[in-house]
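# Architecture at a glance
Read off the chains here:
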Amino acid sequence: MIFKHRAYPFIKEYKDDKLELLSIGQHHGLPTRLLDWTKNPLIAIFFAVEEPFTEADENSTDFCCVYIHKAKKLVKLSETYDPFTIKEVKRFVPKHWDSRIIAQSGLFTVHDNPYSPWEPQDLQTILIHKDIRKSIKKTLNRFGINPSIIYPDIDGIAKHIKWLRSNQY
């Protein structure tokens, strides 16, 4: 795994844990077989409305969405397995190695076949029309859900201030 080799100075304590390595890679933009989820519905809505629509988005759809999946059983925090040999979609709660994972109430589904769509029977979708995205984002900010909370670091603070001073607020 190239990521494991190159990121070694930053991940020494996780070098032998494939699930943790994947979650770290996913967190930093590496395409993986993990799908991000949150236990906090306000965080989920924030991610759905975080970025403004682009021209390409405007031409393809008028909605963004939030997916809801309620698992039938609790995930075991200490459970570990090889994510590359699983035969079904499994869940994984990463260790709290990063403040963003904590702030975002993050967890993952781990997919046995990352190239095929996952369509569980109990998956629900909430559609958010493009015309109300801006007002939802403003309301979330009043509830304390904004980039400085979602990304609790200097980047998050800067992103929040930039948004406050933009015409998007």
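The coordinates are above.
The notes below deal with the structure included here. (Residues numbered from 1 in each chain as written. Predicted model: local features only at pLDDT ≥ 70, side-chain atom pairs only at ≥ 80, totals over all residues. Heavy atoms only, no water.)

### Let's talk about the environment of V49
For clarity, the cut-off: Here a helix means four or more residues in a row that DSSP labels H or I, a strand means two or more in a row labelled E, and each is numbered from the N terminus. A 1.4 Å probe rolled over the protein chains alone gives each residue an accessible area, and that area as a share of the maximum for its type sets the label: buried under 20%, exposed over 50%, partly exposed in between. Contacts are residue-level and defined by heavy atoms, with any inter-residue pair within 4.5 Å sufficient.
Counting through the fold element by element, V49 comes out in helix α4 (residues 41-49). Of the residues examined, V49 reaches a relative accessible area of 3% and is grouped as buried. When the C-alpha positions of V49 and F143 are compared, they lie 15 Å apart, and in sequence the two are 94 residues distant. Excluding its chain neighbours within four sequence positions, the residues that come into contact with V49 are C64, I128, R133, I136, K137 and L140.

### What to know about the nonpolar core
The condition is simple: Throughout, nonpolar core names a set of buried Ala, Val, Leu, Ile, Met, Phe, Trp, Tyr and Cys residues whose side chains join them through atoms within 4.5 Å.
Counting residues in hydrophobic clusters, the biggest one holds 11 residues: I43, F46, A48, V49, C64, V66, I128, L140, I145, I150 and Y151. Contributing elements (two or more residues each) for this core: α4 and β2 (63-68). Ranked by residue count, the leading element in this core is α4, at 4 residues.

### A short note on the pattern of salt bridges
We apply this condition: Salt bridges are counted wherever a side-chain nitrogen of Lys or Arg sits within 4 Å of a carboxyl oxygen of Asp or Glu.
Enumeration over the complete set of coordinates arrives at 8 salt bridges. E20 is the salt-bridge partner of K95, the closest N and O atoms lying 4.0 Å from each other. In this pair, K95 sits in the loop between β3 (90-92) and α6 (99-103) while E20 sits in helix α3 (residues 18-27), placing the two residues 75 residues apart along the sequence. Taking the relative accessible area as the measure of exposure, K95 reaches 43% and is therefore partly exposed. Overall, the relative accessible area of 1% leaves E20 in the buried class. For K159, the salt bridge identified is with E51, shortest N-O distance 3.5 Å. With K159 in helix α9 (residues 154-164) and E51 in the loop between α4 and α5 (55-60), this pair connects stretches of sequence that are 108 residues apart. What you see here is one network of salt bridges that share partners, running through D17, E20 and K95.

### A word on the environment of T85
Looking at the secondary structure, you find T85 in the loop between β2 and β3. In this structure, the C-alpha to C-alpha distance between T85 and K72, residues 13 residues apart in sequence, is 22 Å.

### Structural notes on α4
Definition in use: Here a polar contact means two N or O atoms within 3.5 Å. Within protein one must be a hydrogen donor candidate and the other an acceptor candidate, and residues neighboring in sequence count only if both atoms are side-chain atoms.
Regarding α4, the residues found buried are I43, F46, A48 and V49. Where α4 is buried, its residues contact β1 (34-38), β2, α6, β5 (124-129), α7 (133-142) and α8 (147-150). Regarding α4, its N-cap is N40, as a side-chain oxygen of that residue lies 2.8 Å from the backbone nitrogen of L42 further along.

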